[in-house]
Structures are given as C-alpha cells and as structure tokens.
Amino acid sequence: MQKTAYACFCTDIIHDGHRNILREAKKYGRVVAGVLCDREMVRYNRFPTVSLEDRIAMLEAEPDVDEAIVQDTIFYDRIVETLHPDFIVHGDNWRGGPESAIRQNVLDALHKSGGELIEVPYTFNPSIKKIDERVREKLTMPEFRRGRLKKLLALVPIVKTIEVTNGLTGLLAEKTVVEHAGGLDQFDAMWISSLCDSTAKGKPDIELVDMSSRLRTIDDVMDVTTKPIILDADTGGLIEHFVYHVHTLERMGVSAVIVEDKTGLKKNSLFGTEVEQTQDTMEHFSEKIRAAKDAQRTDDFMIIARIESLILEKGLEDALARAEAYVHAGADAIMIHSRKKEPNEVFAFADAFKKVHSDTPLVAVPTSYSSVTEAELIAHGINIVIYANQLTRSAFPAMERTAKSILSHHRAKEIDAELMPFKEIIRLIDDI
Ligand code: SPV
Ligand code: MG
C-alpha cells in the first residue's frame, strides 16, 4: 500500500521553501497537505490575508499535492489519529523557541502511531524573505488591520490585549510568545492607554495629551506591528470633535475606540471617588455614541462604551441601565470598569448583562482585581481582557533602580549585570 506523507502549512503564499517540503514529501508517498484553520493561524501565527477556501485551493493546485485537508488545531494529535500518516514532513526551523513544543507534540504523536518525522533544511533566500515581508506589509495596511478585532472576537475565547505606548512595546506585544503547559500563548491585540501614553510624556491623565499626540503614538505602533489596536479615547471630548476622530481612526486602521461616560475634567478611574469626577448623563452619552456610529464609514470599526458607574460608586443598577441605553444607541461593545480588589461586581454586571445581550461583547480591565484569571472572565461572558498598564509599571521601577545605582556608584558597572545587552533588545526590530 502506498505510504502517506503529511505536511501542514500556515501560510497565504506558497514559495520555494514550501515547494521544497512538498518535493521532499513526494519522495515518501502520497502527499496530504494540511491547511491550518483561521482560528489557529490567528492564535499562533499571524492573520491570514486570504480565506481558508483559497488557501486550500492554493495547495490543491500544487503538482506535488495529492489532497489538501484542514488541520484544526496547531498540535498534531488529531491529524495523526485520523490520518495515520507514515511520515510528517516539516522544515527544521522549529527546533528552538516556542515552536519546539509543536515539534515535541509531533514526535510524541508519531511515537504512538509508529510514524516518522522527516525534517527538511529550512530554505532561506532573498526572494522568500521578500515574500514574507510583502505579507507582513499587507497586514499592516489599514484595510486589513481594521477589521481584525471583530474577526478575533469570533475566533478566540477571549481577546488578550496588552498596553503599548511606542514602537518598542508594540513589538513586545507583537512578538512575545510563550510556551505554557504544552500550549503556545501570545497577545491578540494592543491597548493605547491614556494613562500610559500620558505618563510616558510625564503628563497627568486628564485629557491634556491631545489627540494629535495620541495619533502620533498610534502611528509609531502601527509602523512596526500588525495586531489590532484599541484606543482609549477618554471621554471623546465634544461630540462634534469625537465624530472627526472616529473618521481619522478608521482611516488609520485602528480597530476600536473606547469612550467613557464621564464629562468635564476627566481624572483617571483608578482614583475613583478620591478625586472629583463627573459622570455624563445617560442621555448625552447615548447621543455621543449615536453620533459616532452615524459618522462611522466601515463595518469593521467598533465603538465601545465604557461605563464608570462602579468606579463612581453609583451601583450595579445604574451600570446596567446605562449599558442598556448605550447598546440601544448603537455601541458595539460595553466596557465595565471597577477598582475593587475582587472581581465580584464585574461578574455581577457581566452575568446580568449577558442574560439580555448575549451577543454584545464585554470588555474588562483587571488592574485592581488582578488575581482574576482569563478562564474566570470567560466563564462570566467577558470577551476582551485589557492588561492596561503592566508594561509601564514594570519598566519604571527598573529604570529608577538603574538611575539610582549610577548616581550612587558614579559609574554603571554595578547595575550592568542586571541590564539586557542591546543586541538582545534589537532582535525584535525588523530590518528593511
Ligand atoms: C487607561 O489605561 O488609561 C485606562 C484604564 O483608562 S484605567 O487607568 O484603569 O482607567
Ligand atoms: Mg484611560
């Protein structure tokens, strides 16, 4: 009986490197090509720029492919159990880094089934590099990245979002992958926080850093990343101004804007009732949401209404009534904020809200209730989790310690051992 050689592809374009793998597979028998499904591609690699159907057709058109099938998990157990391939063929570039977890999974699965892993030396040439760069370039374009948050919401159990304030933190959000409990994890989206953006400029978080400056930050992040961006737009300012900002953000390729129902001089929510803060009226804020939805030009963009009732201790009923009004005004999602140490009030809100609006996404920002797990948030119907300021809070004490050490020792030697060599930092930076 003819043997089966299987190779899985997680790509939008077939280039010489892939053809080399297929040619090698052909030497071992009938070639079955796997096409990694959208959900897994998004979670573990990058967003597909062509549909699953087109990716299947692309592989079917390859002369060395006998059959193309969908692989629906990044790990190979299911494929090995159902297909029983005699050989799995893969490039040898997965031996180091987080991808080695997938390699180990293949080895374990093949060990059970009696199959064999064939590793082909990874092809790296200038034309392949160019193709890779072209796909990445396409992913950075506004029309491709704008709709990515909506797509993610349909694909992943919770959209894991991390604060970014510049190109470098953008690259961290884009490229950090960890292997954990036999799986791979990475962030799905980026949050441009008003608190961290202001803090990076040494300014208070009171809408003092104006939109032109915020847009500059977004542009820096966009230049070097492909993941979707959620902008913290504070109160959104005057309705007449906010509608302009919606146009600009859509045109740039931002995926969502979050506006909070406060008015006047906005202060950061983490101060709660310790400072004077005024909540907008339900009617006026609904009008703001409605005007923004009217101004929106694409279906991709999301306007998310942020409710400050729990922050301002106005109670759950007020929060739920506002949620109802804002959804009615057209909000694409609701962010519920809390500064309690425990997630109970967020859960109570989420449980009640989801009973009525099971399809409206909910956003949570677990800064003060940081012990909550993603699994618990998912269980209560939260769809987006924002880790809103943890990168800034980790960088600042490290920088302060370094500054103090240099001042105390009148040289840098004492702190040097704690510092990362620059060549390790710039490994994140792509050359053109
Ligand atoms: C921000 O990150 O700027 C936020 C979240 O708005 S919070 O600081 O908790 O208000
Ligand atoms: Mg903010």
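This text follows the structure it describes.
Residues numbered from 1 in each chain as written. Chains lettered and ligands numbered in written order. Predicted model: local features only at pLDDT ≥ 70, side-chain atom pairs only at ≥ 80, totals over all residues. Heavy atoms only, no water.

Chemist: Teacher, can you tell me more about helix α1 (residues 16-26) here?
Modeler: In an α-helix, one full turn covers 3.6 residues, which means residues spaced three or four apart are oriented alike. Every buried residue of α1 is accounted for by G17, H18, I21, L22, E24 and A25. Around the axis of α1, the buried residues are gathered within 160 degrees of arc, so they sit on the same side. Each element contacted by the buried residues of α1 is listed here: β1 (4-9), β2 (30-36), α3 (52-60), β4 (87-91), β5 (116-120) and α6 (126-140). (Buried < 20%, exposed > 50% of the residue type's maximum accessible area, 1.4 Å probe, protein only. Helix = DSSP H or I, 4+ residues; strand = E, 2+ residues; numbered from the N terminus. Arc of directions from axis to C-beta. Contact = heavy atoms within 4.5 Å.)

Chemist: Just to check I follow, could you spell out the coordination of the magnesium ion (ligand 2) for this structure?
Modeler: Tetrahedral coordination by four donors places them ideally at 109.5 degrees to one another around the metal; octahedral coordination by six donors ideally gives 90 or 180 degrees. Surrounding the magnesium ion (ligand 2) are the protein donor atoms S194 (OG) and D232 (OD), which sit 2.0 to 2.2 Å from the metal. Residue S194 is found in helix α10 (residues 194-200), and its partner D232 is found in strand β10 (residues 229-232); the two are separated by 38 residues along the sequence. Note on accessibility: S194 and D232 belong to one class, buried. (Donors = N, O, S within 2.8 Å, 3.2 Å for Na, K, Ca; no water.)

Chemist: Would you mind showing me how to read the nonpolar core here?
Modeler: One broad trend across soluble globular proteins is that nonpolar side chains are buried collectively. By size, the foremost hydrophobic cluster in this structure holds 51 residues, and its most contacted members are I218, L231, I334 and F349. Those residues within four positions of I334 in sequence are excluded, and the remaining contacts are I304, A305, I307, A323, Y326, V327, F349, F353, P361, L362 and V363. L152, M302, V365 and A388 belong to the second-largest nonpolar core, a separate cluster that totals 23 residues. (Core = buried A, V, L, I, M, F, W, Y, C linked by side-chain atoms within 4.5 Å.)

Chemist: I would appreciate a short explanation of α6 in the present structure.
Modeler: Compared with an ideal rise of 1.5 Å per residue, which puts 15 residues at 21 Å, α6 spans 21 Å between its outermost C-alpha atoms and is within 8% of the ideal. I128, I131, V135, L139 and T140 are the residues of α6 that are buried. Turning to α6, the residues buried within the fold contact α1, α7 (142-145), α8 (148-155) and α11 (211-224). Measuring from the backbone nitrogen of S127 back to the side-chain oxygen at the start of α6 gives 3.1 Å, which picks out N125 as the cap. (Expected span 1.5 Å × (residues − 1). Polar contact = N/O pair within 3.5 Å; in protein donor to acceptor, adjacent residues only side chain to side chain.)

Chemist: Explain the sheet that holds β5 to me, please; I cannot follow it from the model alone.
Modeler: Consider a sheet: its strands pair through backbone hydrogen bonds, and that pairing is either parallel or antiparallel. Pairing in this open sheet of 5 strands is parallel, and the strands run β3-β2-β1-β4-β5 from one edge to the other. Strands at the two margins of the open sheet, each flanked by one partner only, are β3 (67-71) and β5. Each adjacent strand pair in this sheet contributes to an overall mean axis angle of 30 degrees, direction not counted. Note: β1 against β4, 2 bridges, orientation parallel. (Pairing = 2+ DSSP bridges. Axes fitted to C-alpha atoms, helices over the stretch in contact; angles between N-to-C directions.)

Chemist: I tried to follow unusual backbone geometry on my own but got confused; where do I start?
Modeler: Most peptide bonds adopt trans geometry, and most residues besides glycine take a negative phi value. Positive phi values are uncommon outside glycine, yet E313 reaches one of about 55 degrees. The phi dihedral of H410 is positive, around 55 degrees, even though this residue is not glycine. Looking at the secondary structure, you find H410 in the loop between α17 (390-409) and α18 (413-416).

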